[in-house]
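This is what each chain is made of:
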Amino acid sequence: MKFSKFLLVLFSFTLILTNSYSIEPDVFVQSTVNRASNILSKNISKDDKINELKAIAKETVDIRGVGFYSLGPVRKTLDENQKIKYSELFESYFLKSFSSRLAEYTNPEIEVQGKEVLNKNYTIVNSLLIGTTDRPEVKIDWRIYTKNPDNPLIRDLIIEGLSLARTQKEEFSSILNSNDGDINILFKTLEEFSNK
C-alpha cells in the first residue's frame with residue numbers, strides 16, 4: 001500500500017514537472033523571433049549572421065517534416081536511401097534559402113498577438129511584422145507542431161495568407177511534373193541551389 005502511495009506521489013510530481021517545462025507556442029514563437037532579431041542587429045558579417053540563423057532554424061523548425069510535406073505523395077515512392085538523401089539535400093536547401101533571405105532584414109520587430117489551438121498537435125500563432133518607413137506591416141501566422149509540448153517546432157509560416165510550405169510543395173511538384181516524376185532531377189536542383 002505504501003509503495004502504491006509512493007508511486008502516486010512520484011507520478012503527480014512528474015506531471016507537475018512536465019507541465020512546468022512545457023513551452024506555450026506563443027512564448028516559443030516570441031522567443032524565437034527575439035533571438036533572430038538579436039542576431040540581425042549584431043555588428044557582424046552577413047556570413048556570420050547566416051550561420052547563427054541556421055543554428056536557430058535547426059533547433060526550432062521541423063525541417064524533416066516540412067521537407068516530406070513539400071515532396072507530396074511522391075515521398076511514398078522513395079526507398080530508404082532516397083529518403084535519407086532527400087532529407088540531407090532538403091535541409092541544406094532549406095537552411096540556405098531561409099537564412100540568406102532573413103539576413104537581408106535589419107532588426108525586424110515581430111509582435112505575437114494571439115494563438116489558436118487547432119488540436120493537440122497544432123497551434124496557429126498570430127503575429128505582426130511591425131512596419132517601418134521602408135516596409136509595410138506584414139501579418140505572419142506560425143503553424144506550430146505541438147505533439148511534444150516540451151519541444152514545439154515550426155511547421156509552416158503563413159505570410160499574408162500565403163503558406164510557404166504549400167508554395168514549396170507546388171514548386172517541387174512543378175519540377176517533378178516537368179521531368180516525368182524523376183526524383184533525381186529534384187535532387188540535382190536542390191544540390192545546385194545549395195552549392196551556389
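1. Structural notes on the packing of helix α6 (residues 164-177) against helix α7 (residues 183-194)
Step number 1: Axis separation between α6 and α7 bottoms out at 8 Å; the angle between their running directions is 125°. By the angle between their axes, α6 is oblique relative to α7. Every pair of crossing elements has a handedness; the one defined by α6 and α7 is right-handed. For the pair α6 and α7, the contacting residues are Phe-172, Ile-175 and Leu-176 in the first and Ile-183, Ile-185, Leu-186, Thr-189 and Leu-190 in the second.
Step number 2: By residue class, the composition of the contact of α6 with α7 is 7 nonpolar, 1 polar and no charged.

2. Some thoughts on helix α2 (residues 25-40)
Step number 1: End to end, α2 covers 23 Å across 16 residues, agreeing with the expected 22 Å (1.5 Å per residue, within 8%).
Step number 2: Taken residue by residue, α2 has Pro-25, Phe-28, Val-29, Thr-32, Val-33, Ala-36, Ser-37, Ile-39 and Leu-40 as its buried positions. In a view along the axis of α2, the buried residues occupy a sector of 165°, so they form one face of it. Exposed positions of α2 whose direction lies more than 90 degrees from the buried face are Val-27 and Asn-38.
Step number 3: Its buried side turned inward, α2 meets α3 (46-60), α5 (80-102), β1 (110-117), β2 (122-129), β3 (138-145) and β4 (153-159).

3. Thoughts on the confidence of the model for the protein chain
Step number 1: Across the protein chain, pLDDT averages 85, with 88% of residues at or above 70.
Step number 2: For the protein chain, helix α1 (residues 2-21) is the element with the lowest average pLDDT, namely 39, and helix α4 (residues 63-71) is the one with the highest, namely 95.
Step number 3: Low pLDDT, under 50, characterises residues 1-21; the predicted model gives this stretch 2 contacts beyond four residues in sequence or across chains.

4. Considerations on the nonpolar core
Step number 1: If you look at the biggest cluster of nonpolar residues, it comprises 31 residues, and the most contacted ones within it are Leu-71, Tyr-86, Phe-90, Trp-142 and Leu-186.
Step number 2: If you tally residues by element for this core, the top one is α5, at 6 residues.
Step number 3: Apart from the residues within four sequence positions on either side, Phe-90 is in contact with Ile-63, Val-66, Gly-67, Ser-70, Gln-168, Phe-172 and Leu-190.
Step number 4: Leu-40, Ile-50, Ile-56 and Ala-103 belong to the second-largest nonpolar core, a separate cluster that totals 7 residues.

5. Comments concerning the sheet that holds strand β5 (residues 162-163)
Step number 1: Taken together, 5 strands build an open sheet; the order of strands is β1-β2-β3-β4-β5 and the sheet is antiparallel. Of all strands in the sheet, those with a lone pairing partner are β1 and β5, marking the two edges.
Step number 2: Relative to β2, β1 runs antiparallel, the two being bridged by 7 bridges. Paired with Glu-111 across the two strands is Leu-128, which belongs to β2.
Step number 3: Sheet strands touched by α2: β1, β2, β3 and β4. Its angle to β1, the strand with the most contacts, is close to 155°.

6. With respect to the packing of aromatic side chains
Step number 1: For the structure on display, the rule yields 10 aromatic pairs.
Step number 2: Between Phe-90 and Tyr-93 the ring centres are 6.0 Å apart and the planes differ by 45°, which places this aromatic pair in the tilted class. Of this pair, Phe-90 and Tyr-93 both sit in helix α5, 3 residues apart, which is roughly one turn of that helix.
Step number 3: Cluster of aromatic residues (ring-pair linked, three or more members): Phe-68, Tyr-86, Phe-90, Tyr-93, Phe-94, Phe-98, Phe-172, Phe-187 and Phe-193.
Step number 4: Residue placement shows Arg-143 over the ring face of Tyr-122; its charged tip is 4.2 Å from the ring centre.
Step number 5: Lying over the aromatic face of Tyr-145, Arg-155 brings its terminal NZ or CZ to 3.9 Å of the ring centre.

Analysis parameters
- Residues numbered from 1 in each chain as written.
- Predicted model: local features only at pLDDT ≥ 70, side-chain atom pairs only at ≥ 80, totals over all residues.
- Heavy atoms only, no water.
- Axes fitted to C-alpha atoms, helices over the stretch in contact; angles between N-to-C directions.
- Helix = DSSP H or I, 4+ residues; strand = E, 2+ residues; numbered from the N terminus.
- Parallel < 35°, antiparallel > 145°, perpendicular 65-115°, else oblique.
- Left-handed = near helix turned anticlockwise from the far one by under 90°.
- Contact = heavy atoms within 4.5 Å.
- Nonpolar A, V, L, I, M, F, W, Y, C, P; charged D, E, K, R; others polar.
- Expected span 1.5 Å × (residues − 1).
- Buried < 20%, exposed > 50% of the residue type's maximum accessible area, 1.4 Å probe, protein only.
- Arc of directions from axis to C-beta.
- pLDDT = per-residue confidence, 0-100.
- Core = buried A, V, L, I, M, F, W, Y, C linked by side-chain atoms within 4.5 Å.
- Pairing = 2+ DSSP bridges.
- Phe/Tyr/Trp six-rings, centres within 6.5 Å; stacked < 30°, edge-to-face > 60°.
- Lys NZ or Arg CZ within 6 Å of the ring centre and 35° of its normal.

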